[in-house]
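Residues per chain are reported as follows:
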Amino acid sequence: MITKILRKLRKITVRLWEIPQILWLNILIRRARKTKRPVILMELTTSHDIFCIYGVLQSLYKMNALVIYSGKDNARRIADEQIPKEFHPGEYYWINVVWTNWLAQIDFYLNTILSYDINVPETARYKINFPHTITSKTKYDVFSPAIEKISDTVITGPAYERDFLTYCQDHNIKKLPTFHRLGGPKSDNLFTRKINKKEFLRKIGLNPEIPTVFYGPTYNQDASIFTWLEDIMKIPQKNNVNLIIKVHPGAYLDPTNKKSSGGIDWEKFFSAENLRKNHIYNVIDQDSAEYVMASDITITDISTIWIESYFLRKKMIFLDIPAFFKTHQMNSLGDFREKYGYLVKDVTELHKTIAGMISETIPRKEKYDIDDLLLYNKGHATEATVNKIKELYEKR
């Protein structure tokens, strides 16, 4: 009981220390508006949010926008590490979300999630949601009643729009945001970036002379990482391949929270020195695109990393997670797993499929028929989005 009281008192003290910063930010906001600098507030939850609109943020900095980031305390470390490193801004500002509505009027509030607990400023001229994925991985996965807090949303493609409208209809959402059919800025790298595969693998300490497998599980208590991980870690030894692992960044936020991390400190788990010796590399706080490009085979359960692999025309294996589908329905694409990859139900089948893919005795699934259903403006979504932001800003 005493510990809880002390913890609350500490939080109150921290918030009090932040008051001068909030006053100063309000002065900066008023100055920016007088000099016609766009004022941006972006809410962060994980490093993934940054990469979802990385190119857009770069363009905003080039427009001399005043960019302020907000989030809960557990997201502060990510912002402090990533923002200066990725953007080298002359000015970097962070506020806790409790201060969201203490700011003077801003031009754009941006986020990349539609969870229940987003903190949308009442004074923002535009409240814009960018999907953090190309489609919802299940019927309702990325949506919530928070839709009604948003004034505008970016639509990645027809499939996403269909699932968005289905959610609104099924949950009696009446207040819909303005749709901007612009595509997914994060996906531009899939079409515009090129890598030298051998140099890339050598750079991250993997063997460029052997095949590479990429494993990306979804973010859920019933995800494959909790039931398949022991077998996944044995893939390099059993198949003579490299293994790149990318756990959802949300799993790193709080190792004590069983709902988000399973109660496991994943950063510590994957930092063991012997991983690199076993041809295993863990991706943390980085975009996935280049790592998928450097891979030959993608393994996932139902993570939308499969869509990146689809566009890059990679061989795919889906791990069966029956417990997940007891409580989740498929999205409007239906059960696509056997259509675009191979669904495996046990470890024997997994290793057999990997071996068959490497030896090419198992045929590649080459049905690529949903490109236009998934994305508008392939390779040009960032440009389209920045132009839309400029257009909205000029509407006074």
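In the block above lies the structure referred to throughout.
Residue positions are given per chain, counting from 1 as you read along its sequence in written order. Predicted model: local features are reported for residues with pLDDT of at least 70 only, side-chain atom pairs are reported and counted for 80 or more only, and whole-chain, interface and lining totals are derived from all residues. Excluded from the side-chain calculations are hydrogens and water; all other atoms, namely the structure's heavy atoms, are used.

1. Examining the nonpolar core
Part 1 of the reasoning: Among buried residues, the Ala, Val, Leu, Ile, Met, Phe, Trp, Tyr and Cys ones that are joined through side-chain atoms within 4.5 Å form a nonpolar core. The buried label applies to any residue whose accessible area, calculated with a 1.4 Å probe on protein chains only, is under 20% of its type's maximum; exposed applies above 50%, and partly exposed to all values in between. Counting residues in each nonpolar core, the largest one holds 34 residues, and the members touching the most others are Ile204, Ile244, Tyr291, Trp306, Tyr310, Phe311 and Leu374.
Part 2 of the reasoning: Elements are defined by DSSP. Helices are runs of H or I of four residues or more, strands are runs of E of two residues or more, and each kind is numbered from the N terminus. For this core, the elements supplying multiple residues, two or more each, are helix H8 (197–203), helix H14 (289–293), helix H15 (305–311) and strand S12 (315–319).

2. Considerations on the sheet that holds S12
Part 1 of the reasoning: With respect to topology, 6 strands assemble into an open sheet ordered S10-S9-S8-S11-S12-S13, the strand pairing being parallel. A single partner strand is all that each edge strand has here, and the edge strands are strand S10 (280–282) and strand S13 (342–344). Looking at each pair of strands side by side, their axes are set apart by 20 degrees on average, direction ignored.
Part 2 of the reasoning: Alignment of strand S8 (residues 212–215) against strand S9 (residues 242–245), held across 4 bridges, turns out to be parallel. Residue Val213 lies in a different strand from S9, and its bridge partner there is Leu243.
Part 3 of the reasoning: Sheet strands touched by helix H9 (residues 225–232): S8, S9, strand S11 (297–300), S12 and S13. Its angle to S8, the strand with the most contacts, is close to 165 degrees.
Part 4 of the reasoning: Together, S11, S12 and S13 form the strand contacts of helix H17 (residues 347–359), whose direction differs from that of S12 by roughly 175 degrees. At least two DSSP bridges between two strands are needed for those strands to be called paired. Every angle, taken between N-to-C directions, lies between 0 and 180 degrees, and every axis is a line fitted to C-alpha atoms, over only the stretch in contact when it is a helix. In this description, contact between two residues means that some pair of their heavy atoms is separated by no more than 4.5 Å.

3. Concerning the environment of Asp163
Part 1 of the reasoning: Its location among the elements puts Asp163 in helix H6 (residues 158–170).
Part 2 of the reasoning: Since its relative accessible area comes to 3%, Asp163 is described here as buried.
Part 3 of the reasoning: Residues Asp163 and Tyr215 lie 52 residues apart in sequence; the distance between their C-alpha atoms is 26 Å.
Part 4 of the reasoning: With sequence-adjacent residues up to four places away left out, Asp163 is seen in contact with Ser136, Lys139, Phe143, Asn331 and Ser332.

4. A look at the packing of aromatic side chains
Part 1 of the reasoning: Pairs were defined over the aromatic rings of Phe, Tyr and Trp, the Trp ring being its six-membered one, requiring ring centres within 6.5 Å. Orientation was assigned from the angle between planes: stacked under 30 degrees, edge-to-face over 60, tilted for the rest. Taken as a whole and judged by the stated rule, the model has 24 aromatic pairs.
Part 2 of the reasoning: Here the aromatic rings of Phe143 and Phe164 are separated by 5.4 Å at their centres, their planes lie at 75 degrees, and the arrangement is edge-to-face. Remark: Phe164 occurs in helix H6 and Phe143 occurs in the loop between strand S5 (126–129) and strand S6 (152–155); sequence separation between them is 21 residues.
Part 3 of the reasoning: Judged by relative accessible area, which is 6%, Phe143 ranks as buried.

5. Focus on the pairing of S9
Part 1 of the reasoning: Alternating positions in S9 separate into two faces, Asn242 and Ile244 on one and Leu243 and Ile245 on the other, with burial throughout.
Part 2 of the reasoning: In this structure, S9 lies alongside S10, joined through 3 bridges in parallel fashion. In the strand pairing of S10, Ile245 is matched with Asn282.

6. Brief notes about the packing of H9 against H17
Each packed pair of helices is defined by two parameters, the angle between the axes and the distance between the axes.
Part 1 of the reasoning: At their nearest, the axes of H9 and H17 sit 11 Å apart, and the two run at 55 degrees to each other. Accordingly, the angle class assigned to the pair H9 and H17 is oblique. Classified by chirality, the crossing of H17 by H9 is right-handed. From H9, Trp228, Asp231 and Ile232 reach across to H17, where they touch Val347, Leu350 and His351. An angle below 35 degrees is treated as roughly parallel, one above 145 as roughly antiparallel, one from 65 to 115 as roughly perpendicular, and anything else as oblique. It is the rotation of the near helix from the far one that decides the hand of a crossing: anticlockwise by less than a right angle makes it left-handed, clockwise makes it right-handed.

7. Quick look at the state of the cysteines
Part 1 of the reasoning: Sulfur atoms of two cysteines make up a disulfide when they are within 2.5 Å. In this structure the tally under the stated criterion is 0 disulfides.
Part 2 of the reasoning: Unpaired in terms of disulfides, Cys168 finds its nearest cysteine sulfur in Cys52, a separation of 20 Å.

8. Describing the packing of helix H4 (residues 54–62) against helix H5 (residues 73–87)
Part 1 of the reasoning: Between H4 and H5, the least distance of the axes is 11 Å, while the angle of their chain directions is 65 degrees. The angle between H4 and H5 places the two elements in the roughly perpendicular class. For the pair H4 and H5, the crossing hand works out as right-handed. Taking contact as the criterion, the partners of Tyr54, Leu57, Gln58 and Tyr61 in H4 are, on H5, Ile83, Glu86 and Phe87.
Part 2 of the reasoning: Here the contact of H4 with H5 is built from residues that sort into 5 nonpolar, 1 polar and 1 charged. Polar here means any residue other than Ala, Val, Leu, Ile, Met, Phe, Trp, Tyr, Cys and Pro, which are nonpolar, and Asp, Glu, Lys and Arg, which are charged; Gly is therefore polar.

9. Quick look at unusual backbone geometry
Part 1 of the reasoning: A positive phi is found at Asn172, a non-glycine position, where the angle reads about 55 degrees.
Part 2 of the reasoning: Relative to the helices and strands, Asn172 resides in the loop between H6 and strand S7 (178–181).
Part 3 of the reasoning: Residues other than glycine seldom take positive phi values, yet His279 does so here, at roughly 65 degrees.
Part 4 of the reasoning: Tracing the sequence through the fold places His279 in the loop between helix H13 (274–277) and S10.
Part 5 of the reasoning: By relative accessible area, His279 is classed as partly exposed at 26%.

10. Some thoughts on the pattern of salt bridges
Part 1 of the reasoning: By definition here, a salt bridge exists when the distance from a side-chain nitrogen of Lys or Arg to a carboxyl oxygen of Asp or Glu is within 4 Å. One pass over the structure, following the stated rule, counts 24 salt bridges.
Part 2 of the reasoning: With its nearest N and O atoms 2.7 Å apart, the salt bridge here joins Glu308 to Lys186. Taken as a pair, Glu308 in helix H15 and Lys186 in the loop between S7 and helix H7 (188–192) lie far apart in primary sequence, 122 residues in all. Neither Glu308 nor Lys186 differs from the other in exposure class; each is buried.
Part 3 of the reasoning: Across the salt bridge formed by Lys198 and Glu209, the nearest N and O atoms sit 3.5 Å from each other. Residue Lys198 is found in helix H8, and its partner Glu209 is found in the loop between H8 and S8; the two are separated by 11 residues along the sequence.

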